[in-house]
Structure formats: structure tokens, C-alpha cells
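Chain and residue survey
Listed here are the chains, written in short residue letters.
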Amino acid sequence: MIEMPALLQQTPGQIRTQGDIFSEIFLVFLVIGTIVGVVVVLYTLHHGYKYRDTGEESDGFDAPQLGELPTGQSGGKSKKLFLSFGLSAIIVISVVVYSYTLLLYVEAGPTEEEIEPEGNMDIDVTGYQFGWEFEYPNGHTETNTLRVPAGEEQVIRLHVTSDDVWHTFGVTELRIKADSIPGQTSTTWFTAGEAGEEYLIECFELCGVAHSQMVGTIEVMEPDEFDEWYEGTNGEDNGEDDS
Ligand SMILES: [Cu+2]
């Protein structure tokens, strides 16, 4: 969907996670910010030195006297000003367009072509005071533990809502966060990665006395193990991962 410089590209076939995207945006901003910062500081120091007060008449340079107002610039200098404004505008607009394009991808998630045929699982998440309920496509529900199959092309889509007050579902390690608001559904997604991993789920919206205990775990299982577990759950639509 998005063309990236070769340096920043992922291995082909691998889905770019939200973590990848945010690290990349951070890196790009860091590099551009460093370059711009170095140029501005060097330019300032250069001028500070070039136009320093040496006590003698410099050739052709008409330094303002104390109390004298600068009369403005013309010719070459206004061109320089125009150029610097132009360059800044180009840099800022490019960075805005670039981040916005990536954030659109973060919102939408990988496209159908990027995912394996059965690599898409929709899970409903409901926040309540004080915990998380997960409902699988077959109707099976779990509290505070979200079991998911491993796999870099296994995309888990979460549809998050709330039963009572405002909460926010978030997993720092996966760089995902979604509002949990009664009457509304917000969506986020992740790929679980390797089996055996565990991620901490936390509530990121102060929601009451036990807000800090409103935690859960994402357990990443071997796909076979997951299928076995999932088929044993008491839903009506056993064995089907996609709804
Ligand atoms: Cu909460």
C-alpha cells in the first residue's frame, strides 16, 4: 500500500505491526529533527561569528548602531528568507503527509491480500468496572485473559466497547490502544507474534477505585494448541476462526 525507502522495509510477506510503524515514525522524526537542529545551530553560530564586533570597520557591512531600528531587507537577503520559508514548508508538509498516510494504515490494519485466508480473527472486548471480557466469534467468553494463536500473519482485530463508564483498552508492548466507551465501538488490531509470549493489558482511563487493578493478559498459543482449546469452548459455531 505504501512505498517505503528500502532501508525501512520489512521482510516481504510480513505484516507491518503498529509497533513497527510507530518505531519508524519515531526514527524518521528523530533523523529529520536532528538534521534541522544541526543546520539551524551551525547557521546561527556561523552568523554570530561572521558578524561579531571586531572593533574595526568591516568592509561593506553596515552594522546597526545601538538604538537604531533595522530597515528591513531586500534583494539577496529576502530571497534567502523566502528559500528558508519554502524549505521549512516542504519539510513540514512532507512529514505531515507521510505520518498521516502511515496512521491511515494503523487505523485500517492490513488489507485482505496481506493476510492468510484464515488469518483474521474478530474478538469483541467489553470493559467494565473492573475487568475485561473477551467474546470470540463462536460466542465463547473469557475474562481478563485473551488467548490468541501465534503467527506473524494472524491478525487479531479487537472491537472494544464498555458496559459502564469510560475505559481505555491498551497494551503498551504491542503499541495498541482503543477507547472503551459505552454505546460506541472502537477497533484496533495486532499480530500476536511468537507462541509463549504474554502481554500485559491495562486500562488507560481513570475509571474508578480499582482502575489500577483493571489488568489482563494476552496469551499467545501455538496455533494447534489454540485450535484444540478453541474447539473445546462451548460456542455454537465451533472450529471457525473467521466470523
Ligand atoms: Cu477502566
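Up top is the structure these notes are about.
What counts, and where the lines are drawn
Residues numbered from 1 in each chain as written. Predicted model: local features only at pLDDT ≥ 70, side-chain atom pairs only at ≥ 80, totals over all residues. Heavy atoms only, no water. Helix = DSSP H or I, 4+ residues; strand = E, 2+ residues; numbered from the N terminus. Buried < 20%, exposed > 50% of the residue type's maximum accessible area, 1.4 Å probe, protein only. Contact = heavy atoms within 4.5 Å. Areas by Shrake-Rupley, 256 points an atom, 1.4 Å probe, with all protein chains shown as cover. Pairing = 2+ DSSP bridges. Axes fitted to C-alpha atoms, helices over the stretch in contact; angles between N-to-C directions. Salt bridge = Lys/Arg side-chain N within 4 Å of Asp/Glu carboxyl O.

1. Focus: the overall build of the protein
Regarding its fold elements, the protein presents three helices and ten strands. Taken across its 243 residues, the protein has 33% of its residues classed as buried. Contacts in the protein between residues at least 24 apart in sequence constitute 66% of all its contacts with a sequence separation of at least 6. In the form shown here, the protein has an accessible surface area of approximately 15400 Å², with 56% of it arising from carbon and sulfur atoms.

2. Here we look at unusual backbone geometry
Of note, the bond from Gln129 into Phe130 is cis; its omega dihedral lies within 30 degrees of zero at 5 degrees. Its place among the elements puts Phe130 in the loop between strand E1 (120-128) and strand E2 (131-135). Positive phi, normally seen in glycine, also occurs at Asn144, with a value near 65 degrees. For Asn144, the location among the structural elements is in the loop between strand E3 (141-143) and strand E4 (145-149).

3. Focus on the sheet that holds E2
Across the sheet, which stays open at both edges, the five strands sit in the order E3-E2-E1-E5-E8 with mixed pairing between neighbours. Both outer strands of the open sheet, E3 and strand E8 (186-193), are each paired with one neighbouring strand and no more. Here the average twist between neighbouring strands, direction ignored, is 30 degrees. As judged from the seven bridges shared by strand E5 (residues 151-162) and E8, these two strands associate in the antiparallel manner. When the bridges of E8 are listed, Val155 appears paired with Thr191.

4. Focus on the pattern of salt bridges
Tallied over the entire structure, the rule returns two salt bridges. Of the charged contacts in the structure, one is a salt bridge between Arg16 and Glu24, with a shortest N-O distance of 3.1 Å. One exposure class covers both Arg16 and Glu24, and it is buried. Of the charged contacts in the structure, one is a salt bridge between Glu142 and Arg147, with a shortest N-O distance of 3.9 Å. The class of Glu142 is buried, set by a relative accessible area of 15%. Assessed through its relative accessible area of 22%, Arg147 is described here as partly exposed.

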